[in-house]
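Structural features, examined
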Amino acid sequence: MEQIIEHTIQFVQEKFRGAEAGHDWFHIERVYKNALKINEQEKGDLMVVSLAALLHDIADSKFHDGDEELGPKIAGDFLLSIGVDAAIIEHVRQIIKNLSYKSSLGKIDFHSKELDIVQDADRLDAIGAIGIARAFTYGGYKNRVLYDPAIKPNLHMTKEEYKTAVNPTLNHFYEKLLLLKDLMKTKTGSAMASQRHDFMLSYLEQFYTEI
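Predicted model only: the values in this text are computed from it and were never measured.

Observations regarding the side chain of Gln 94
Here Gln 94 lies in helix α5 (residues 86-98). In terms of polar contacts, Gln 94 uses its side chain to reach the side chain of Glu 90, at 2.9 Å.

Quick notes on the packing of aromatic side chains
Each aromatic ring pair is specified by the distance between its two centres and by the angle formed by the two planes. As enumerated under the stated definition, the model contains 9 aromatic pairs in all. Summarising the aromatic geometry, the rings of Phe 11 and Phe 78 are spaced 4.0 Å apart at their centres and angled 10° between planes, so their arrangement reads as stacked. Taken together, the residues Phe 11 in helix α1 (residues 2-15) and Phe 78 in helix α4 (residues 70-81) connect sequence positions 67 residues apart. Side by side, Phe 11 and Phe 78 carry an identical accessibility label, which is buried. Ring pairing ties together the aromatic residues Phe 136, Tyr 147, Phe 173, Tyr 203, Phe 207 and Tyr 208, which thus form one cluster.

Topic: the environment of Lys 107
Summarising the element assignment, Lys 107 is placed in the loop between α6 (101-104) and α7 (113-124). With 52 residues separating them in the primary sequence, Lys 107 and Lys 159 have C-alpha atoms 9.6 Å apart.

Some details on helix α8 (residues 128-141)
In this model, α8 (14 residues) spans 20 Å end to end at C-alpha, consistent with the 20 Å of a helix rising 1.5 Å per residue. Among the residues of α8, Gly 128, Gly 131, Ile 132, Arg 134, Ala 135, Tyr 138 and Gly 139 are the ones counted as buried. One face of α8 carries all of its buried residues, which in axial projection span an arc of 165°. Buried residues along α8 sit in contact with α2 (25-42), α10 (169-175) and α11 (187-210).

Focus on unusual backbone geometry
Its identity is not glycine, yet Lys 43 carries a phi of approximately 60°, on the positive side. Summarising the element assignment, Lys 43 is placed in the loop between α2 and α3 (46-55). Judged by relative accessible area, Lys 43 falls into the exposed class, the value being 60%. Positive phi, close to 55°, is recorded for Asn 143, a residue that is not glycine. Note on placement: Asn 143 falls in the loop between α8 and α9 (159-164).

What counts and what doesn't
Residues numbered from 1 in each chain as written. Predicted model: local features only at pLDDT ≥ 70, side-chain atom pairs only at ≥ 80, totals over all residues. Heavy atoms only, no water. Helix = DSSP H or I, 4+ residues; strand = E, 2+ residues; numbered from the N terminus. Polar contact = N/O pair within 3.5 Å; in protein donor to acceptor, adjacent residues only side chain to side chain. Phe/Tyr/Trp six-rings, centres within 6.5 Å; stacked < 30°, edge-to-face > 60°. Buried < 20%, exposed > 50% of the residue type's maximum accessible area, 1.4 Å probe, protein only. Expected span 1.5 Å × (residues − 1). Arc of directions from axis to C-beta. Contact = heavy atoms within 4.5 Å.

Here it is in structure tokens:
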């Protein structure tokens, strides 16, 4: 297992050279570490959790013209090339396919403990101090408005609306980030999310005070 993980880390690091700063290798590394921490308590399949965490953003659809099949394909092809068992490969592919927040806005037919663990780990990196930094980094990358009181958050977006949304970055707190605490799937992930959620509320209070 150790050699497979090392090969995967090297593969991911190479793929993420020059990536957008909110979705770079350091994001992957944080999700991987969070997943391992959650898995200590939740007792999922360590190999599946590790590989899915490392490969979950290998071809994020928002950077690939909305293609939601590319990530699972690249991950599957890579894992096959290094001799990973076919059942593990398919499990990892399904996790990558169903992991994202936008996926949860549509129909999901796949469920597993390992998906819950990796999904919680990914969502943890979307909230708290790091989540705030990543939100504004991506907003800047897309040249989005920071804040516009005339544009109200869309609290009931469909999957397609979410994929094409161009609302101000601050709206993203209400459209996604503040919702994640109550969407955590594991007891461990939920406990880890609580303080990060409270930090975002404090940040917003300070933001509006300064305005």
